[in-house]
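The chain contents come next:
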Amino acid sequence: MILVTGATGNNGLEILKRLASQNVQARAMVRNRDRARAIADLGIEMVEADFDLPETLPSVLAGVDRAFLVTNSTEYAEAQQLAFVEAAKQTGVKHIVKLSQFAANADSPVRFLRYHAAVESAIQSTQMAYTFLRPNLFMQGLLNFRSLIVEQNTFYAAIGDARVSVVDVRDIADVAVAALTEAGHEGKIYDLTGSQALTHTEMAEYLSAALKRQIAFVDIPPKQMREAMVGFGMPVWQADGLIEDYAHYRRNEAAAIASGIEDATGKAPRQFKDFAHDYATAFS
Ligand SMILES: NC(=O)c1ccc[n+]([C@@H]2O[C@H](COP(=O)([O-])OP(=O)(O)OC[C@H]3O[C@@H](n4cnc5c(N)ncnc54)[C@H](OP(=O)(O)O)[C@@H]3O)[C@@H](O)[C@H]2O)c1
């Protein structure tokens, strides 16, 4: 049995769609089944559990051989993921596929990269097999700017003209499914990037072509980006983490192009122009 956590999230849902279409037996961990309509529609078994309530984890893990682990990046993420790893160890899970992040490192100035490194290290210290997926910035992250793009034809970030080898979540899901269903991915750390390192201005140009209207990118100071995110209701810890993340992008530390997608799946990564085309209606 394969367990997918973060099942209602960006990656979890894409993974479940693939497992369902391949008729692979899988279980989705959800906090609230009433908010998980999309998973019910796939015909996937759902079990309610909460990373913050470790006593709920053994029942969702019963009979599970392989688990996909993801949480969103909050100040609780490290403790949540460590609790899951401990419960997985106790219940006899054989293989954890963990969604980490490009450049995860215990000494990074970016808090997200430190917590991912801490969880990776905890998994490596168990007897369980592991596969770490380290994606770069998600193309689908642009959907967070959807209302700005729809209403103002503009999106903003504190990134300057830095290049980032952005990656499509659909490719991350393809790699996760390969790791969850095939042998040969044990002990692998896959850096997952797109095949082009793009500036945000270039992304705006691709979006303009796909949407057939002019979309602009505007660079803003980190302080303004932080105020905007906190103003939208984002917790301060998370907003500060994203500012650290964007400073790391701005230093051109996320521009390298890696072969992880092709190594794991045998397929070339989707290009940003494909993303812009496929998601055009979301920005219209
Ligand atoms: N965004 C990027 O560009 C980027 C790049 C590289 C790596 N990453 C990494 O990707 C990860 C996020 O992945 P994602 O975008 O697929 O996630 P996401 O869309 O933010 O979804 C998070 C999932 O976690 C679930 N969840 C949250 N708190 C929970 C709890 N207490 N118990 C059980 N489930 C809980 C949510 O369920 P509910 O529906 O119940 O809320 C949701 O299904 C982060 O670790 C981040 O560091 C992101």
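For the structure itself, consult the block above.
Let me sum up the structure you'll find in this document. Position numbers for residues count from 1 along each chain, tracking the sequence in the order it is written. Only residues with pLDDT of 70 or above have their local features reported here, since the model is predicted, and side-chain atom pairs are shown and tallied only from 80 upward, although totals for entire chains, interfaces and linings are computed over all residues. The basis for every side-chain value is the complete set of heavy atoms in the structure, and neither hydrogens nor water enter the calculation.

The next subject is the pairing of strand S4 (residues 66-69). Pairing geometry for strand S1 (residues 2-4) and S4, over three bridges, is parallel. Paired with Leu 3 across the two strands is Ala 67, which belongs to S4. The sheet contact formed by S4 and strand S5 (residues 95-99) spans four bridges and is parallel. Bridge pairing in S5 links Arg 66 to His 95. Where the polypeptide runs from S4 across helix H4 (residues 77-91) and back to S5, its parallel neighbour, the crossover connection is right-handed. Here, strands pair whenever DSSP counts at least two bridges between them. For the purposes of this entry, the term helix denotes a DSSP run of H or I that reaches at least four residues, the term strand denotes a run of E that reaches at least two, and both are numbered from the N terminus. If you view a crossover with the strands going away from you and the path from the first strand over the helix to the second runs clockwise, you call it right-handed.

Our focus in this paragraph is the nonpolar core. Ranked by internal contacts, the top residues of the largest apolar core, which has 34 residues, are Leu 142, Phe 155, Leu 207 and Phe 272. Listing elements by their share of this core, those giving two or more residues are strand S7 (154-157), helix H8 (200-211), helix H9 (222-231), helix H10 (236-250) and helix H12 (272-278). The contact criterion used throughout is that any non-hydrogen atoms of two residues lie within 4.5 Å. Dropping the residues within four chain positions of it, Leu 207 is found in contact with Leu 142, Ile 149, Phe 155, Lys 212, Ile 215, Phe 272, Ala 276 and Phe 283. Residues grouped as a nonpolar core are buried Ala, Val, Leu, Ile, Met, Phe, Trp, Tyr and Cys residues, joined through side-chain atoms within 4.5 Å. Buried residues are those whose accessible area, probed at 1.4 Å on protein chains only, stays under 20% of the maximum for their type, while exposed residues exceed 50% and partly exposed ones sit between those limits. Of all hydrophobic cores here, the second largest spans 32 residues; its members include Ala 28, Val 175, Val 177 and Ala 179.

In an α-helix, one turn spans 3.6 residues, which is why side chains three or four residues apart end up on the same side. For H8, spanning 12 residues, the distance from its first C-alpha to its last is 16 Å, which sits close to the expected 16 Å at 1.5 Å a residue. Those residues of H8 not exposed but buried are His 200, Met 203, Ala 204, Leu 207, Ser 208 and Leu 211. The arc that holds every buried residue of H8, seen down its axis, measures 145°, which confines them to one face. Once H8 finishes, Lys 212 follows within two positions and takes phi at roughly 60°, a positive value. Expected span, for any helix, means 1.5 Å times one less than how many residues it has. Arc definition: it is the arc formed by the directions from the helix axis to the C-beta atoms.

Moving on to the sheet that holds strand S8 (residues 188-192). If you walk across this open sheet you meet the seven strands as S3-S2-S1-S4-S5-S6-S8, and the pairing is parallel. Each of the sheet's edge strands pairs with one partner strand only, and the pair in question is strand S3 (45-48) and S8. Direction aside, neighbouring strands of the sheet carry axes that sit 20° apart on average. Interaxial angle, 0 to 180 degrees, is taken between N-to-C directions of lines fitted to C-alpha atoms, where a helix line uses only the stretch in contact.

Where H4 contacts helix H5 (residues 111-124), the axes come no closer than 9 Å and their chain directions differ by 15°. One finds that H4 runs roughly parallel with respect to H5. The handedness of the crossing between H4 and H5 is right-handed. Facing H4, whose interface residues are Ala 77, Glu 78, Gln 81, Leu 82 and Val 85, H5 presents Tyr 115, Ala 118, Val 119, Ala 122 and Ile 123. Classifying every residue of the contact of H4 with H5 gives eight nonpolar, one polar and one charged. By the definition adopted for this analysis, an angle is roughly parallel if under 35 degrees, roughly antiparallel if over 145, roughly perpendicular if from 65 to 115, and oblique otherwise. Handedness of a helix crossing follows the sense of rotation of the near helix relative to the far helix, less than a right angle counterclockwise being left-handed and clockwise being right-handed. Three residue categories are used. Nonpolar comprises Ala, Val, Leu, Ile, Met, Phe, Trp, Tyr, Cys and Pro, charged comprises Asp, Glu, Lys and Arg, and polar comprises the others, including Gly.

Think of it this way: one heavy atom of a residue within 4 Å of a molecule or strand is enough to make that residue near it. The environment of the ligand is formed by 27 residues, the closest being Thr 8, Asn 10, Arg 31, Asp 50 and His 116. In this structure, Asp 50 approaches the ligand through a side-chain N or O atom, which is 2.8 Å from a nitrogen atom. We define a polar contact as two N or O atoms separated by no more than 3.5 Å, with the added condition that, inside protein, one atom must be a possible hydrogen donor and the other a possible acceptor, whereas residues neighbouring each other in sequence contribute only through side-chain atom pairs. Measuring from an oxygen atom of the ligand, one finds a backbone N or O atom of Phe 138 at 2.8 Å. For the area figures, the Shrake-Rupley method with a 1.4 Å probe applies, and any residue is considered shielded solely by the protein chains shown. Expressed as a share of its isolated accessible area of 940 Å², the protein-covered part of the ligand is 83%. If you list the elements that add at least two residues to the shell around the ligand, you get helix H1 (10-21) and H5.

The next thing to look at is the packing of aromatic side chains. Side-chain rings of Phe, Tyr and Trp (the six-membered ring for Trp) are treated as a pair once their centres are within 6.5 Å; stacked means planes under 30 degrees apart, edge-to-face means over 60, and tilted covers the remaining angles. As enumerated under the stated definition, the model contains 10 aromatic pairs in all. The interplanar angle of 50° and the centroid separation of 5.9 Å between the aromatic rings of Phe 145 and Phe 155 together place this pair among those described as tilted. Within this pair, whereas Phe 145 is found in the loop between strand S6 (129-135) and helix H6 (146-152), its partner Phe 155 is found in strand S7, the two being separated by 10 residues in sequence. The same class applies to Phe 145 and to Phe 155, which are both buried. In textbook terms, an aromatic cluster arises when at least three aromatic residues are bridged by ring pairs, as seen for Tyr 206, Phe 272, Phe 275, Tyr 279 and Phe 283.

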